[in-house]
Amino acid sequence: AASHAGTVAHASAAVMAVPRVRLVHVPGAEFARTSVAQLRVVDRGRFVKFLGTVTRAGTVKVVQEWREFRCDACGNRFRLRASPESAYEFDLPTECASGEKR
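The following refers to the structure shown. Remember, it's a predicted structure, so these values are computed and weren't measured experimentally.

Before going further, it helps to examine the environment of Val 48. Following the sequence through the fold, Val 48 ends up in the loop between strand 3 (14-16) and strand 4 (66-70). The exposure class assigned to Val 48 is partly exposed, which follows from its relative accessible area of 22%. Put simply, Val 48 and Glu 30 are 18 residues apart on the chain and 8.4 Å apart in space, counted from C-alpha to C-alpha. Those residues in contact with Val 48, other than ones at most four positions away along the chain, are Phe 31, Arg 33, Leu 39 and Asp 43.

As structure tokens, this is what we get:
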């Protein structure tokens, strides 16, 4: 089978190869944490480094941070953002975000 840009061609279909990444020469102490318990809010969005063994893994949960809603009465579309504090759950809006009254 021929290979081109990460795709392996088979007789009837193309299958994407699973990419594997290994980070080397990662900067030292400023990124290192000895345990998950050491993670803090300031680490959010930053690269952190752990050393350890995975002892348990679960299924991947898809998280939706933004969702678009449409008002049935006026057709107005608006987006709402879910927060980590609410476990990224959305409550259905009870009134239109346009502020118009029926």
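Read on for the rest.
On to the pattern of salt bridges, then. In this structure the tally under the stated criterion is 4 salt bridges. Where Arg 77 meets Glu 68, a salt bridge forms, and the shortest distance between an N and an O atom there is 3.2 Å. Its relative accessible area of 52% is what places Arg 77 among the exposed residues. The class for Glu 68 is partly exposed, based on a relative accessible area of 49%. The residue Asp 72 makes a salt bridge to Arg 70 at a minimum N-O spacing of 3.9 Å. According to the relative accessible area criterion, Asp 72 is exposed, its value standing at 70%.

Rules and cut-offs
- Numbering of residues starts from 1 in every chain and runs along the sequence as written.
- Where totals are concerned, whole chains, interfaces and linings use all residues; where local detail is concerned, this predicted model gives features only for residues with pLDDT of at least 70, and gives and counts side-chain atom pairs only at 80 or more.
- Excluding hydrogens and water, the side-chain figures rest on all heavy atoms present in the structure.
- Secondary structure elements are defined from DSSP: runs of H or I of at least 4 residues count as helices, runs of E of at least 2 residues count as strands, and each element is numbered from the N terminus.
- Each residue is placed in one exposure class: buried if its accessible area under a 1.4 Å probe, protein chains only, is under 20% of its type's maximum, exposed if it is over 50%, and partly exposed if it falls in between.
- By definition, residues are in contact when any of their heavy atoms lie within 4.5 Å.
- By definition, a salt bridge exists where a carboxyl oxygen of Asp or Glu is found within 4 Å of a side-chain nitrogen of Lys or Arg.

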